[in-house]
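Geometric and topological summary
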Amino acid sequence: MSSSTDSTLTPSPTAQRISALHDAAYRIRRHALDMGEVQGQGYIGQALGVADILAVAYKDVLNYRPEEPDWAERDRFLLSIGHYAIALYAALAEAGILDVEELSTYGSDDSRLPMSGMASYTPGMEISGGSLGHGLGVAAGMALGLRHQGSRARVYNLLSDGELDEGSTWEAALACAHHGLDNVTALVDVNALQADGPTTGVLRTEPVTDKWEAFGWHAVRVDGNDIGALLTSFDAVRAHRGSPSVLVCDTRIGRGVPLLETREKAHFMRVEEHEWQLARDQLAENHRDRKESHA
Ligand SMILES: Cc1ncc(C[n+]2csc(CCOP(=O)(O)OP(=O)(O)O)c2C)c(N)n1
Ligand SMILES: [Mg+2]
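Quantities reported herein were computed from a predicted structural model and do not represent experimental measurements.

**Side note on the overall build of the protein chain**
From N to C terminus, the protein chain includes 11 helices and nine strands. For the protein chain, whose C-alpha radius of gyration is 19 Å, the value lies close to the compact-globule estimate of 19 Å for 295 residues. If one aligns the C-alpha atoms of the protein chain with their principal axes, the spans along those axes are about 55 × 50 × 40 Å. Taken over 295 residues, the protein chain has a buried fraction of 45%. When contacts within the protein chain are restricted to residue pairs at least 6 apart in sequence, those whose partners lie at least 24 apart make up 75%.

In structure tokens:
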């Protein structure tokens, strides 16, 4: 075998990085299924949908110390969508901030992992986010404070397409642009769904990217289930200076588990007892296929 053939067989650093992130995203999805099974229902589809974004954020982008969640120089990750807490708990376990064993307490009495995210309960949960539309305003205040302190820490806010219905989100968007907060990155999970049905029917928000740009943001639209594309997009927004950035991430609810990708009632899913193992099997198979197609 020639040396040139050898080198084509050795995965590039980027391919290795992507492969490790696929594994991380798989574990986040798997944790979410295991937690969902404790309650038999929940916001499982959203967790499966944003797992790739969370894997890239927590394994490649964010600066933090797992053993010191309140480290002053940490990047802040604000989850304004409290109902997505199941997804963040799974990511915090993957990040080493929570123990995997604790995940099984999800939603139980006296657990540190309530069904809706609460900052005072959970290490690594920066804000309580049940009332939608407030995350970006908090991000603006935090980012101003950090800049005032001369900190290099960045503020990320994961928000949903449903939160684009909230005037407070756009007020905060104006403020971030006005103050030139290039230490803010908004991550919008565009799963095209809200509690009452498809976003197009509830309140049309497209063209989303144009709206952010009109508000003075550096906006990048990306397939939120494509880890390679997410990596490139996160790199691009980190390098951007002078204005806040937004990654508009198109995701698929239930991603990675075909059985759940096609569920009618996707906002709050009921999964029958016999379906959990099937869901885990489908996830494992999907993960193998995904890795093979990127090998
Ligand atoms: C201010 C506010 N209004 C309404 C609600 C009720 N609510 C909870 S989740 C949700 C859906 C919001 O859309 P999105 O987050 O995109 O839903 P998903 O993609 O998770 O289905 C609504 C309206 C709330 N939590 N806060
Ligand atoms: Mg949505």
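**Remarks on the environment of Lys211**
Position of Lys211 among the secondary structure elements: in helix α8 (residues 208-214). For the pair formed by Lys211 and Trp170, sequence separation is 41 residues and the distance between their alpha carbons is 9.6 Å.

**A look at the environment of Asp52**
By the element assignment, Asp52 lies in helix α3 (residues 44-61). Assessed through the 27 C-beta atoms surrounding it within 10 Å, Asp52 is described here as buried. Considered as a pair, Asp52 and Leu21 are 31 residues apart in the sequence and their alpha carbons are 7.8 Å apart. Those residues in contact with Asp52, other than ones at most four positions away along the chain, are Ala25, Gly224, Asn225, Ile227 and Leu230.

**Things to note about the nonpolar core**
The biggest cluster of nonpolar side chains holds 86 residues, and the ones touching the most others in it are Ala47, Ile86, Ala87 and Tyr89. The contacts of Tyr89, once residues within four sequence positions are left out, are Met35, Leu98, Leu103, Tyr106 and Leu113.

**Here's the deal with the sheet that holds strand β4 (residues 184-190)**
Read across the sheet, five strands follow the order β2-β3-β4-β8-β7 without closing on themselves; strand pairing throughout is parallel. Whereas interior strands pair on both sides, the edge strands pair on one side only; in this sheet they are β2 (76-79) and β7 (218-223). The average angle at which neighbouring strand axes cross in this sheet is 20°, direction not considered. Judged from the six bridges that link them, β4 and strand β8 (residues 245-250) form a sheet pairing that is parallel. Across the sheet, residue Leu187 finds its bridge partner in β8, namely Leu247.

**Digging into the pairing of β8**
Burial within β8 is extensive, with five of its six residues counted as buried. By the bridge criterion, six bridges tie β7 to β8 in an arrangement that is parallel. Bridging across to β8, Asp223 finds its partner in Asp250. Read as a crossover between parallel neighbours, the route from β7 over helix α9 (residues 227-239) to β8 is right-handed.

**Description of helix α4 (residues 85-95)**
With 11 of its 11 residues buried, α4 lies for the most part within the structure. Within α4 the residues assigned to the buried category are Ala85, Ile86, Ala87, Leu88, Tyr89, Ala90, Ala91, Leu92, Ala93, Glu94 and Ala95. Residue Gly96 follows α4 closely and has a positive phi angle near 85°.

**Structural notes on unusual backbone geometry**
The omega torsion across Glu206 and Pro207 is 0°, close enough to zero to call that bond cis. When you line up the elements, Pro207 lands in the loop between α7 (199-202) and α8. For Asp110, which is not a glycine, the phi torsion comes out positive at approximately 70°. The residue Asp110 is located in the loop between α4 and α5 (135-148) in this model. According to the C-beta neighbour criterion, Asp110 is exposed, with 5 such atoms within 10 Å. The phi dihedral of Ala192 is positive, around 65°, even though this residue is not glycine. For Ala192, the location among the structural elements is in the loop between β4 and β5 (193-194).

Definitions and cut-offs
Residues numbered from 1 in each chain as written. Chains lettered and ligands numbered in written order. Predicted model: local features only at pLDDT ≥ 70, side-chain atom pairs only at ≥ 80, totals over all residues. Helix = DSSP H or I, 4+ residues; strand = E, 2+ residues; numbered from the N terminus. Rg over C-alpha atoms; globule rule 2.2 N^0.38 Å. Buried ≥ 20, exposed ≤ 12 C-beta atoms within 10 Å, placed from the backbone. Contact = placed C-beta atoms within 7 Å. Core = buried A, V, L, I, M, F, W, Y, C linked by C-beta atoms within 7 Å. Pairing = 2+ DSSP bridges. Axes fitted to C-alpha atoms, helices over the stretch in contact; angles between N-to-C directions. Right-handed = clockwise from strand over helix to strand, strands pointing away.

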